Amino acid sequence: MKQIDCQQCGTAVLVEKFSIPHTSVQWVSDAATSCPRFAEATADARDSVCGTTALSCSSLSQSIDDAVRDGRLPIKSRVEPVIGDALVADAL
């Protein structure tokens, strides 16, 4: 995983890309306190009747997309482990 910093607020996350739509993000700090957008969404969820909201940050997403486009974040090919002649995923 590679560290990517949000270009707007500077929040750092660890990111791995396996394809254009498949992005794995691991927060290294609490999202609700380190990202202003997540903090806002979390507060909105607490105030809503159902208590849920879709959490995302367009600035962080753009920062990740820019890192891919600039070559700072490569798109990795994911290889399923093989045992004998069978894929491990097939055995699950």
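Structure report, in brief. All values derive from a computational prediction rather than experimental measurement.

## Some remarks on the pairing of strand β1 (residues 2-5)
Part 1 of the argument: As defined by bridge partners, β1 adjoins strand β2 (residues 12-17) across four bridges and the pair is classed as antiparallel. In the strand pairing of β2, Ile4 is matched with Val13.
Part 2 of the argument: Taking the residues that link successive antiparallel strands as the turn, the β1-β2 hairpin has six residues, and the phi of Gly10 there is positive, at about 85 degrees.

## Concerning helix α3 (residues 58-69)
Part 1 of the argument: For α3, spanning twelve residues, the distance from its first C-alpha to its last is 16 Å, which sits close to the expected 16 Å at 1.5 Å a residue.
Part 2 of the argument: For α3, the complete set of buried residues consists of Leu60, Ser63, Ile64, Asp66, Ala67 and Val68.
Part 3 of the argument: Looking at the buried positions of α3, the neighbouring elements they touch are β1, β2 and β3 (23-27).
Part 4 of the argument: A positive phi of about 85 degrees marks Gly71, the residue just after α3.

## Some words on the side chain of Asp66
Part 1 of the argument: Along the chain, the position of Asp66 falls in helix α3.
Part 2 of the argument: Residue class for Asp66 comes out buried when judged on its relative accessible area of 11%.
Part 3 of the argument: At 2.7 Å, the side chain of Asp66 and the side chain of Gln62 are in polar contact.
Part 4 of the argument: With residues near it in sequence (within four places) discarded, Asp66 still touches Gln7 and Arg72.

The rules behind these values
Starting from 1, residues in each chain are numbered consecutively following that chain's sequence as written. Selection of residues for local features in this predicted model requires a pLDDT of at least 70, selection of side-chain atom pairs for listing and counting requires 80 or more, and totals for whole chains, interfaces and linings are taken over all residues. Neither water nor hydrogens contribute to the side-chain values; these are computed over all heavy atoms in the structure. Note on pairing: DSSP must find at least two bridges between two strands before they are called paired. Put simply, DSSP marks the helices as runs of H or I at least four residues long and the strands as runs of E at least two long, and each gets a number from the N terminus on. A helix is expected to span 1.5 Å multiplied by its residue count minus one. A simple rule labels every residue: compare its accessible area, found with a 1.4 Å probe on the protein chains alone, to the largest value its type can have, and call it buried under 20%, exposed over 50%, or partly exposed in between. Contacts between residues were defined by any pair of non-hydrogen atoms, one from each residue, lying within 4.5 Å. Polar contact criterion, stated in full: a pair of N or O atoms within 3.5 Å, where within protein one must be able to donate a hydrogen and the other to accept it, and residues adjacent in sequence count only if both atoms are side-chain atoms.

Fair warning: the whole summary comes from geometry, so function is off the table for now.
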